[in-house]
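# Close look at the chain arrangement
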Amino acid sequence: MFETDRRLLRRTVRPEDAAAVRELVGATGFFSPAEINVAEELVLDRLRLGAASGYEFIFAEQDDRLNGYACFGEIPCTSRRYDLYWLAVEQEVRGQGLGRQLLAAAENDIRSMGGAHVYAETSSRDQYLPTRRFYEACGYDNIARLADFYAAGDDKVVYRKIL
Ligand SMILES: CC(C)(COP(=O)(O)OP(=O)(O)OC[C@H]1O[C@@H](n2cnc3c(N)ncnc32)[C@H](O)[C@@H]1OP(=O)(O)O)[C@@H](O)C(=O)NCCC(=O)NCCS
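Below: a short report on this structure. (Residues numbered from 1 in each chain as written. Predicted model: local features only at pLDDT ≥ 70, side-chain atom pairs only at ≥ 80, totals over all residues. Heavy atoms only, no water.)

In this description, an aromatic ring pair is defined by two values, namely the gap between the centres and the angle between the planes. Taken as a whole and judged by the stated rule, the model has 11 aromatic pairs. Residues Phe30 and Tyr128 carry aromatic rings whose centres are separated by 5.2 Å and whose planes lie at 80° to one another, so their mutual orientation is edge-to-face. Of this pair, Phe30 sits in the loop between helix 1 (17–28) and helix 2 (33–49) while Tyr128 sits in the loop between strand 5 (117–123) and helix 4 (129–137); the two residues are 98 residues apart in sequence, bridging distant segments of the chain. The same class applies to Phe30 and to Tyr128, which are both buried. Counting every residue linked through ring pairs, the aromatic cluster contains Phe30, Phe31, Trp86 and Tyr128. (Phe/Tyr/Trp six-rings, centres within 6.5 Å; stacked < 30°, edge-to-face > 60°. Helix = DSSP H or I, 4+ residues; strand = E, 2+ residues; numbered from the N terminus. Buried < 20%, exposed > 50% of the residue type's maximum accessible area, 1.4 Å probe, protein only.)

Quick look at the structure:
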């Protein structure tokens, strides 16, 4: 389904997405090797288990190249609360609205699945200031901060949007 005049958003996960996600997430320069492994594992879980994995994906492509993606799912043992597990846009196309588009598409899907709250977590490090600005620009409230969560001096910052 075309959701803009430029980019195809795709929700079906294909085997080749595992490597494409690994490359995209790795190239952002934002994530550790362990985090990159997790990003790929979530794709593999989805391929293996389908919807029972709890992971939903939206891929943005142009000319068969993966430009960005979102991964989200219902938080187990909650009522209508969803987590945005991953959101990444390749460096070359950042600042052009793709992140906003992917997030809006994820929120629409979450709404249609009955979701009421969306949570996104990120780091307090300076490198993630653009990420925090992005969530704020997209209507997310900074609702919590867990000191030294990721490492000493690296807090977890929690954002939430009520749909
Ligand atoms: C965060 C990320 C997904 C944003 O995607 P993007 O396509 O660059 O963002 P958009 O172009 O849709 O920006 C939407 C809004 O966010 C804000 N924003 C985006 N990048 C920003 C930056 N570098 N500095 C300040 N604000 C920024 C702007 O207000 C922008 O709105 P505008 O275009 O109307 O001014 C992308 O930068 C990314 O992949 N970063 C690295 C990985 C990451 O941090 N992922 C988040 C999970 S931890």
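Picking up after the structure, the text goes on.
Turning to the side chain of Lys156, a few remarks are in order. Within the element layout of this structure, Lys156 appears in strand 7 (residues 154–162). For Lys156, a relative accessible area of 10% corresponds to the buried category. Here Glu121 takes part through its side chain, which lies 3.3 Å from a polar atom of the side chain of Lys156. Residues contacting Lys156, with those up to four places away along its chain left out, are Glu121, Thr122, Ala144, Arg145, Leu146, Phe149 and Tyr150. (Polar contact = N/O pair within 3.5 Å; in protein donor to acceptor, adjacent residues only side chain to side chain. Contact = heavy atoms within 4.5 Å.)

A few words now on the nonpolar core. In terms of nonpolar packing, the biggest core is built from 23 residues, with Ile58, Phe72, Leu84, Leu102, Tyr135 and Tyr140 touching the most fellow members. Looking at this core element by element, the count peaks at six residues for helix 3 (residues 98–112). Formed by 17 residues, the second largest nonpolar core is a distinct cluster that contains Val21, Ile36, Leu42 and Cys71. (Core = buried A, V, L, I, M, F, W, Y, C linked by side-chain atoms within 4.5 Å.)

What follows deals with helix 2. Taking 1.5 Å of rise per residue, 17 residues should cover 24 Å, and helix 2 covers 24 Å from first to last C-alpha, within 8% of that figure. By the burial criterion, the buried members of helix 2 are Ile36, Ala39, Glu40, Leu42, Val43 and Arg46. For helix 2, the arc enclosing every buried residue in end-on projection is 140°, short of the 170-degree limit, so these residues lie on one face. Looking at helix 2, the residues exposed on the side facing more than 90 degrees away from the buried face are Pro33, Ala34 and Arg48. Those residues of helix 2 that are buried are in contact with helix 1, strand 2 (56–62), strand 3 (65–74) and strand 4 (81–89). (Expected span 1.5 Å × (residues − 1). Arc of directions from axis to C-beta.)

This paragraph deals with a nonpolar patch on the surface. A cluster of nonpolar side chains, contributed by Leu146, Phe149 and Tyr150, occupies part of the molecular surface with about 280 Å² of accessible area. With respect to the helices and strands, the residue Phe149 is situated in strand 6 (residues 141–151). Residue classification places Phe149 among the partly exposed residues on the basis of a relative accessible area of 45%. (Patch = residues over 30% accessible without salt bridge, like charges linked within 9 Å, V, L, I, M, F, W, Y side chains within 5 Å. Areas by Shrake-Rupley, 256 points an atom, 1.4 Å probe, with all protein chains shown as cover. Salt bridge = Lys/Arg side-chain N within 4 Å of Asp/Glu carboxyl O.)

So, about the packing of helix 1 against helix 2. Between helix 1 and helix 2, whose axes approach to 9 Å, the crossing angle comes to 155°. By the criterion of interaxial angle, the relationship of helix 1 to helix 2 is roughly antiparallel. At the point where helix 1 passes helix 2, the crossing takes the right-handed sense. Residues Asp17, Ala18, Ala19, Val21, Arg22, Val25 and Gly26 of helix 1 form the contact with helix 2, whose participating residues are Ile36, Asn37, Ala39, Glu40, Val43 and Leu44. For the contact of helix 1 with helix 2, the per-class residue count stands at eight nonpolar, two polar and three charged. (Axes fitted to C-alpha atoms, helices over the stretch in contact; angles between N-to-C directions. Parallel < 35°, antiparallel > 145°, perpendicular 65-115°, else oblique. Left-handed = near helix turned anticlockwise from the far one by under 90°. Nonpolar A, V, L, I, M, F, W, Y, C, P; charged D, E, K, R; others polar.)

On to unusual backbone geometry, then. For Asp63, which is not a glycine, the phi torsion comes out positive at approximately 50°. As for its position among the elements, Asp63 is in the loop between strand 2 and strand 3. Accessibility expressed as a relative area gives 74% for Asp63, which makes it exposed.

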